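# Chains, contacts and geometry: an overview
Here is how the chains run, residue by residue.
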Amino acid sequence: SPMSVSPKMLTARKPVWVSRPDLGAGMAHIAHPVERLASHGYDVAIDPARGGRIASATYKGLDVLRPEAGSDAASALDSACFPLVPFSNRIRNGAFAFQGQRYQLGKNWEGDAHAIHGEGWLRAWEVVDVTGVRSLLRLRGTGWWPWAYECLQEITVGENGIALSLTLRNTDKRPMPAGLGFHPYFPWFQEPVSITAMRAGKALPRSPSRSPACRFR
């Protein structure tokens, strides 16, 4: 179930009905300088302007994540990994209820009849800070999501590997439902490869018929 992020103040407000048929319109035409992080054999390419996504991630030349399908890949679905903000998965027909109010989201992807994965993967992220080993990106809600919020995405590389984190802050005056996550794509190896998923718990995807030949531990 989604977590509830509560602000200090609570005020009553009528339901917000939003209709924005295509959040991703024009993203392919945004200039997208790629930030690179490298340390201890790890190399990560980040594309803040196109969904704050990871374009590639390697360790000593080996793909840790599936590399992006070309530099002109317009969709985050073709990337190595992208953030899910302010919710993950689908909201049926974009309609839901929260605290007795009903809300309607606009369609955000032509490939699905439902609102999917929030808006972070379809928006340009602001670069707050970047060094050779750490990148900090920020996203602010647009109004497509009925609550105001701010999300920070931190990506670091170091001796222990690649670390990803998302921090969401409710900047609205009402409690806000929310859910966060990442959508990684793992490469398909000819031989089994052991991948350590830190603190993933039960969130690892399970699809025996289509899963890559990797062992999670």
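This section reports on the structure supplied with the text. (Residues numbered from 1 in each chain as written. Predicted model: local features only at pLDDT ≥ 70, side-chain atom pairs only at ≥ 80, totals over all residues. Heavy atoms only, no water.)

### Section: the overall build of the protein chain
Note the following rule: Runs of H or I in DSSP of at least four residues are treated as helices and runs of E of at least two as strands, each being numbered from the N terminus. Any pair of residues with heavy atoms lying within 4.5 Å of one another is described as a contacting pair. In these tables, accessible area is a Shrake-Rupley quantity obtained with a 1.4 Å probe, and a residue counts as shielded only by the protein chains included in the view.
On a plain count of helices and strands, the protein chain comes out with zero helices and 18 strands. Taking all contacts inside the protein chain whose residues are at least 6 apart in sequence as the whole, residues at least 24 apart take part in 57%. When the accessible surface of the protein chain is totalled, it reaches about 12100 Å², and 53% of it is carbon and sulfur.

### Quick look at the packing of aromatic side chains
Put simply, the rule reads: Centres within 6.5 Å are what make two rings of Phe, Tyr or Trp a pair, Trp counting through its six-membered ring; a difference in plane orientation under 30 degrees is then read as stacked, over 60 as edge-to-face, and the rest as tilted. Only protein chains enter the accessibility calculation, which uses a 1.4 Å probe. A residue is then buried if its area is under 20% of the maximum for its type, exposed if over 50%, and partly exposed in between. Geometrically, a charge over a ring is one whose NZ (Lys) or CZ (Arg) sits within 6 Å of the ring centre while staying within 35 degrees of the ring normal.
Within the structure shown, the criterion is met by 12 aromatic pairs. Where Phe96 meets Trp147, the ring centres are 6.1 Å apart and the plane angle is 35°; that geometry is what we call tilted. Note that Phe96 is positioned in strand β8 (residues 95–98) and Trp147 in the loop between β12 (134–140) and β13 (149–158), a separation of 51 residues in sequence. What makes Trp147 buried here is its relative accessible area of 2%. An aromatic cluster is built from Phe87, Phe96, Phe98, Tyr103, Trp144, Trp145 and Trp147, whose rings are joined through pairwise contacts. Across from the ring centre of Tyr185, 4.0 Å away, lies the NZ or CZ of Arg66, which sits over that ring.

### A word on the pattern of salt bridges
Close approach of charged atoms allows side chains with opposite charge to pair. Spelled out, the test is: A pair is scored as a salt bridge if a Lys or Arg side-chain nitrogen falls within 4 Å of a carboxyl oxygen belonging to Asp or Glu.
Tallied over the entire structure, the rule returns 13 salt bridges. Across the pair Glu119 and Arg123 runs a salt bridge, and its minimum N-O distance is 3.6 Å. With respect to class, Glu119 is no different from Arg123; both count as buried. With a closest N to O distance of 3.7 Å, Arg169 and Glu150 form a salt bridge. Taken together, the positions of Arg169 in strand β14 (residues 161–170) and Glu150 in strand β13 put the pair 19 residues apart, joining distant regions of the chain. A relative accessible area of 48% means that Arg169 is categorised as partly exposed. One connected set of salt bridges, linked through shared partners, spans Glu126, Arg138, Arg140, Glu150 and Arg169.

### As for the sheet that holds strand β11 (residues 126–130)
Note the following rule: In short, DSSP must find at least two bridges between two strands for them to pair. Angular values range over 0 to 180 degrees, each being the angle between N-to-C directions of two axes fitted as lines to C-alpha atoms, with helices fitted over their stretch in contact.
Read across the sheet, four strands follow the order β11-β12-β13-β14 without closing on themselves; strand pairing throughout is antiparallel. Across the chains shown, the open sheet's two edge strands, defined by having one partner strand only, are β11 and β14. Put simply, the sheet's adjacent strands are angled 15° from each other on average, direction ignored. With 10 bridges connecting them, β13 and β14 associate as antiparallel partners. Each residue of the ladder has a partner; that of Ile155, found in β14, is Leu164.

### Focus: the nonpolar core
What counts here: In these notes, a set of buried Ala, Val, Leu, Ile, Met, Phe, Trp, Tyr and Cys residues joined through side-chain atoms within 4.5 Å is what counts as a nonpolar core.
Grouped together as the largest cluster of nonpolar side chains are 31 residues, with contacts concentrated most on Val44, Ile54, Val85, Phe96, Leu105, Trp145 and Tyr149. Those elements that provide at least two residues to this core are β3 (42–47), β4 (53–59), β8, β12, β13, β14 and β15 (176–178). Ranked by residue count, the leading element in this core is β13, at four residues. When sequence neighbours within four positions are dropped, the list of residues in contact with Tyr149 reads Val85, Pro86, Glu119, Leu139, Arg140, Gly141, Leu168, Arg169, Thr171 and Met176. In terms of nonpolar packing, the next biggest core, distinct from the first, is built from seven residues, Ala76, Phe82, Ile116 and Leu122 among them.

### Here's the deal with the environment of Leu65
Examined against the element boundaries, Leu65 turns out to sit in the loop between β5 (62–63) and β6 (81–84). In this structure the C-alpha to C-alpha distance between Leu65 and Val44, which are 21 residues apart in sequence, comes to 9.7 Å. Setting aside its immediate chain neighbours within four residues, Leu65 contacts Ile54, Ala57, Ala80, Cys81, Pro184, Tyr185, Phe186 and Pro187.

### Things to note about the environment of Val130
Within the secondary structure, Val130 is located in strand β11. Among the residues examined, Val130 registers a relative accessible area of 32% and is labelled partly exposed. Separated by 95 residues in the primary sequence, Val130 and Glu35 have C-alpha atoms spaced 7.9 Å apart. Residues within four places of Val130 in sequence aside, it is in contact with Glu35, Leu37 and Ser135.

### Concerning the side chain of Arg50
Convention followed: Polar contact is the term for a pair of N or O atoms within 3.5 Å; when the atoms are in protein, one must be able to donate a hydrogen and the other to accept it, and sequence-neighboring residues count only if both atoms are side-chain atoms.
Of note, Arg50 is situated in the loop between β3 and β4. There is a polar contact of 2.8 Å between the side chain of Arg50 and the side chain of Asp47.

These results come straight from atomic positions and should not be treated as a statement about function.
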